[in-house]
Amino acid sequence: MSQKPELQRYPTDFSGRKILVTGASSGIGRATCVSLASLGAQLTLVGRDHSRLQETISQLVGCNHRVEVFDLLHTSAICSWMKNLAAELGPWDGLVHSAGILVTRPLRYLDCDTFDETMQINVAAAVQLAKGFRQRGVRAERASVVFLSSMMGLVGQAGLVAYSASKGALIALTKSLALEHAGDGIRFNCIAPGLVETEMAQRLQKALPPGSYETLLQAHPLGVGKPEDIAHAITFLLSDAARWITGTTLVVDGGYTAQ
Ligand SMILES: NC(=O)c1ccc[n+]([C@@H]2O[C@H](COP(=O)([O-])OP(=O)(O)OC[C@H]3O[C@@H](n4cnc5c(N)ncnc54)[C@H](OP(=O)(O)O)[C@@H]3O)[C@@H](O)[C@H]2O)c1
């Protein structure tokens, strides 16, 4: 008689797992904290504004969360900051880099400082966070990292040269980090969201020429996304359900890039 395969529950339990989330004070980062905390995770919330981070904390289940005010423009300090924090809090099981900036500017008006700052927050901070995370004592034996790329890292958009360059770089970075650390038990993945209703999207709407934002909206067959649509995908990539996934970019864009 053939034996039935053992049925396993879908692994969504984050009880006791520690996750560091950058960009936790707003939009996708905040929704990610809400999703992870509802599954039992203990969070380290990173942003520059204490009161906005406290606002996120007030929406979370559980009380073992920690707020850390840190400006990711201090790129060279990231590794030691993480080491010191982990010595106090214990190792993290996961890291989400949701902090990011988007500046809308046609190439002829794109100055070096704007380009550099975009690359610093979106890419250089991601590199240093990964470097800090891989250190002994900073992360658990099996751990998962998720970066926030964008559909603009896969397809172009006029006026977003610096932003799309930075988001494309994250996709390539993820692949190399995944290969370099597969043997160390760290998975690296990326999410490429379409347009999501956050403060960033509001700023984009104000910066684009009249009509362009509406055209962008209409190019999403499933309509504009909610922060929780991305948070759920991030939660999946952090969970054991994704234990065989590394080096990939999960497109969550309401169908934008299917066309
Ligand atoms: N919304 C979209 O349509 C969309 C689409 C595709 C990809 N994404 C990506 O998804 C991620 C989250 O976007 P969002 O829409 O949630 O953006 P958001 O609402 O504008 O939030 C951005 C976050 O980044 C943090 N941040 C910015 N500069 C920082 C710095 N120097 N140091 C530390 N933290 C800093 C902000 O914290 P403070 O409180 O310190 O300002 C804030 O928490 C970004 O990487 C974005 O590029 C968004």
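Residues numbered from 1 in each chain as written. Predicted model: local features only at pLDDT ≥ 70, side-chain atom pairs only at ≥ 80, totals over all residues. Heavy atoms only, no water.

(A) Here's a closer look at the overall build of the chain. When its secondary structure is counted, the chain shows eight helices and seven strands. Its C-alpha atoms give the chain a radius of gyration of 18 Å, within 12% of the compact-globule value 18 Å for 259 residues. Across its three principal axes, the chain shows a C-alpha extent of roughly 60 × 50 × 35 Å. Taken across its 259 residues, the chain has 47% of its residues classed as buried. Here the analysis covers contacts within the chain between residues at least 6 apart in sequence; of these, 71% occur between residues at least 24 apart. Counting every atom, the chain has about 13,000 Å² of accessible surface; 53% of that belongs to carbon and sulfur. A distance of 4 Å separates the average location of the 23 positive side-chain charges in the chain from that of its 22 negative side-chain charges. (Helix = DSSP H or I, 4+ residues; strand = E, 2+ residues; numbered from the N terminus. Rg over C-alpha atoms; globule rule 2.2 N^0.38 Å. Buried < 20%, exposed > 50% of the residue type's maximum accessible area, 1.4 Å probe, protein only. Contact = heavy atoms within 4.5 Å. Areas by Shrake-Rupley, 256 points an atom, 1.4 Å probe, with all protein chains shown as cover. Lys, Arg positive; Asp, Glu negative; His and termini not counted. Charge placed at Lys NZ, Arg CZ, Asp CG, Glu CD.)

(B) Quick look at the site of the ligand. The local shell around the ligand holds 31 residues, among which Ser-25, Ser-26, Tyr-163, Thr-198 and Arg-203 are the closest. Between the ligand and the protein, one listed contact pairs an oxygen atom with a backbone N or O atom of Gly-23 at 3.2 Å. Ser-98 places a polar main-chain atom, nitrogen or oxygen, 3.2 Å from an oxygen atom of the ligand. Here the ligand, which alone exposes 880 Å², has 95% of that area covered by the protein. Counting residues per element, the shell around the ligand draws most heavily on helix 6 (residues 199-207), at three residues. (Near = heavy atom within 4 Å. Polar contact = N/O pair within 3.5 Å; in protein donor to acceptor, adjacent residues only side chain to side chain.)

(C) Structural context of the pattern of salt bridges. Counting across every chain of the model gives eight salt bridges. The salt bridge involving Glu-199 is made with Arg-52; its shortest N-O contact spans 3.1 Å. On the criterion of sequence distance, the pair formed by Glu-199 in helix 6 and Arg-52 in helix 2 (residues 50-57) is long-range, its members being 147 residues apart. Here Glu-199 falls in the partly exposed class, since its relative accessible area comes to 32%. What makes Arg-52 partly exposed here is its relative accessible area of 26%. With a shortest N-O distance of 2.7 Å, Arg-66 and Glu-88 are connected by a salt bridge. Linking Arg-66 in strand 3 (residues 66-69) with Glu-88 in helix 3 (residues 78-89), this pair joins segments that are 22 residues apart in sequence. (Salt bridge = Lys/Arg side-chain N within 4 Å of Asp/Glu carboxyl O.)

(D) Structural detail: the packing of aromatic side chains. What the rule picks out here adds up to two aromatic pairs. Ring geometry for Phe-70 against Trp-81: centres 4.0 Å apart, planes inclined by 15 degrees, an arrangement best described as stacked. Of this pair, Phe-70 sits in the loop between strand 3 and helix 3 while Trp-81 is found in helix 3, placing the two residues 11 residues apart along the sequence. According to the relative accessible area criterion, Phe-70 is buried, its value standing at 12%. Residue Trp-81 is classed as buried on the basis of its relative accessible area, which comes to 11%. The ring of Phe-14 carries Arg-17 above its face, with NZ or CZ at 5.7 Å from the centroid. (Phe/Tyr/Trp six-rings, centres within 6.5 Å; stacked < 30°, edge-to-face > 60°. Lys NZ or Arg CZ within 6 Å of the ring centre and 35° of its normal.)

(E) Summary view of the sheet that holds strand 6 (residues 186-193). What the seven strands build is an open sheet, ordered 3-2-1-4-5-6-7; its pairing is parallel. Edge positions in the sheet fall to strand 3 and strand 7 (249-252), since each of these pairs with one other strand and no more. On average, each strand axis in the sheet is inclined to that of its neighbour by 20 degrees, with strand direction left out of account. Relative to strand 6, strand 5 (residues 139-148) runs parallel, the two sharing six bridges. Bridge pairing in strand 6 links Val-146 to Asn-189. Strand contacts of helix 1 (residues 27-38): strand 1 (18-22), strand 2 (42-47), strand 4 (92-97) and strand 5, with the helix running at about 165 degrees to strand 1, the strand carrying the most contacts. (Pairing = 2+ DSSP bridges. Axes fitted to C-alpha atoms, helices over the stretch in contact; angles between N-to-C directions.)

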